[in-house]
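Observations on the three-dimensional arrangement
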Amino acid sequence: MKELNFDSGVVSYSLNGKCEVSFNPADRVFAERFYNAVDEMGKLQDEYAKKAEALQGPESAFELARERDVEMSKVLDGLFNAPVCEAVFGSMSLCAFASGFPIWLNLMLSILDEIEANIGDIQKQADPRIAKYKEKYAKYAAKFHK
C-alpha cells in the first residue's frame, strides 16, 4: 500500500525535561481546549481560595490544597490527553509560586507563547504557498478545461 505523508503541524515539546507532550500550536481545536483549561484552572484556584478563608487550622488548609491540586491536575492532564502533572510537577503543588506566578500558570504562559507565535507565522507562510499552488492549478485548469 502506498502511503501519503504530510505535515500535520504537530510538534513535540519537552516540559522541563521531565515529560513530553505533542500538539499543533496552530490548531484551533487545541487553542480552544487550552483557553478552556486556563479558565477552568483560574476558577478552581479562586474557588479553593474562597473555601480556604473559612478554614480553621493548618491541617484542613493542607487537605484543601491537596484536593485543589488533584482537580487542577485533571484539567491539565485533560488538556494534553496524557498524565503529565505527576511527571512534570511531582509532589509540588500546582499553586506553588515561581517568578511571581503559580507554576501551573507558568506552564500555560509558555504554551500561550507557542500558540501566539505559531498562529502569526501560519499566515506569513501560507500566503506565498497558496499563491504558488493557485498558479500551478490555474495552468492545469487552462490545459484540461478548454
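Our structure is the block above this text.
Worth saying up front: this structure is predicted, and the values here are computed from it rather than measured.

1. Thoughts on the nonpolar core
Counting residues in each nonpolar core, the largest one holds 30 residues, and the members touching the most others are Leu76, Phe80, Trp104 and Ile111. Sorting the residues of this core by element identifies β1 (11-15), β2 (19-23), α1 (28-53), α2 (58-80), α3 (85-89) and α4 (103-144) as the ones contributing at least two each. Per element, the largest residue contribution to this core is seven residues, and it comes from α4. Every residue in contact with Ile111, bar those within four places of it in the chain, is listed here: Phe23, Phe30, Phe34, Leu79 and Phe80.

2. Here's the deal with the layout of surface pockets
The space that makes up the second largest pocket amounts to roughly 240 Å³. For the lining of the second largest pocket, the elements supplying multiple residues, two or more each, are α3 and α4. A total of four residues in the lining of the second largest pocket trace back to one element, the largest contributor, which is α4. Class assignment for the residues of the lining of the second largest pocket results in six nonpolar, three polar and one charged.

3. Section: α2
When the terminal C-alpha atoms of α2 are compared, their 33 Å separation across 23 residues agrees well with the 33 Å that a helix rising 1.5 Å per residue should span. Within α2, burial applies to Leu64, Arg68, Asp69, Met72, Ser73, Val75, Leu76, Leu79 and Phe80. Following α2 by one or two positions, Asn81 has its phi on the positive side, about 55 degrees.

4. Quick word on the pairing of β1
In this structure, β1 lies alongside β2, joined through five bridges in antiparallel fashion. Looking across to β2, one finds that Ser14 is bridged to Glu20. Two successive antiparallel strands, β1 and β2, enclose a turn made up of three residues, where Asn16 displays a positive phi of approximately 55 degrees.

5. A short note on the packing of aromatic side chains
Overall, the coordinates contain four aromatic pairs when judged by the stated rule. When the centroid spacing of 4.8 Å and the interplanar angle of 20 degrees are considered together, the rings of Tyr13 and Phe23 count as stacked. Residue Tyr13 is found in strand β1, and its partner Phe23 is found in strand β2; the two are separated by ten residues along the sequence. A single burial state applies to Tyr13 and to Phe23, both of which are buried.

6. Focus: a negative patch on the surface
Taken together, the side chains of Asp39, Glu40, Glu67 and Glu71 present a region of like negative charge at the surface. For the negative patch, the elements supplying multiple residues, two or more each, are α1 and α2. Residue position: Asp39 is located in helix α1. Overall, the relative accessible area of 47% leaves Asp39 in the partly exposed class.

7. Regarding α1
With 26 residues, α1 should reach 38 Å at 1.5 Å per residue; the first-to-last C-alpha distance of 38 Å fits that figure. The set of residues buried in α1 consists of Phe30, Ala31, Phe34, Ala37, Met41, Leu44 and Tyr48. One side-chain oxygen of the residue at the start of α1 lies 3.1 Å from the amide nitrogen of Val29, identifying that residue as Asp27.

Criteria and cut-off values
- Residues numbered from 1 in each chain as written.
- Predicted model: local features only at pLDDT ≥ 70, side-chain atom pairs only at ≥ 80, totals over all residues.
- Heavy atoms only, no water.
- Core = buried A, V, L, I, M, F, W, Y, C linked by side-chain atoms within 4.5 Å.
- Buried < 20%, exposed > 50% of the residue type's maximum accessible area, 1.4 Å probe, protein only.
- Helix = DSSP H or I, 4+ residues; strand = E, 2+ residues; numbered from the N terminus.
- Contact = heavy atoms within 4.5 Å.
- 1 Å grid on protein atoms, 1.4 Å probe; cavity = no way out; pocket = protein on both sides within 12 Å on 5 of 7 lines; lining within 4 Å.
- Points joined across faces, edges and corners; volume = space filled by probe spheres on them.
- Nonpolar A, V, L, I, M, F, W, Y, C, P; charged D, E, K, R; others polar.
- Expected span 1.5 Å × (residues − 1).
- Pairing = 2+ DSSP bridges.
- Phe/Tyr/Trp six-rings, centres within 6.5 Å; stacked < 30°, edge-to-face > 60°.
- Patch = residues over 30% accessible without salt bridge, like charges linked within 9 Å, V, L, I, M, F, W, Y side chains within 5 Å.
- Areas by Shrake-Rupley, 256 points an atom, 1.4 Å probe, with all protein chains shown as cover.
- Salt bridge = Lys/Arg side-chain N within 4 Å of Asp/Glu carboxyl O.
- Lys, Arg positive; Asp, Glu negative; His and termini not counted.
- Charge placed at Lys NZ, Arg CZ, Asp CG, Glu CD.
- Polar contact = N/O pair within 3.5 Å; in protein donor to acceptor, adjacent residues only side chain to side chain.

Structural measurements only, silent on function.
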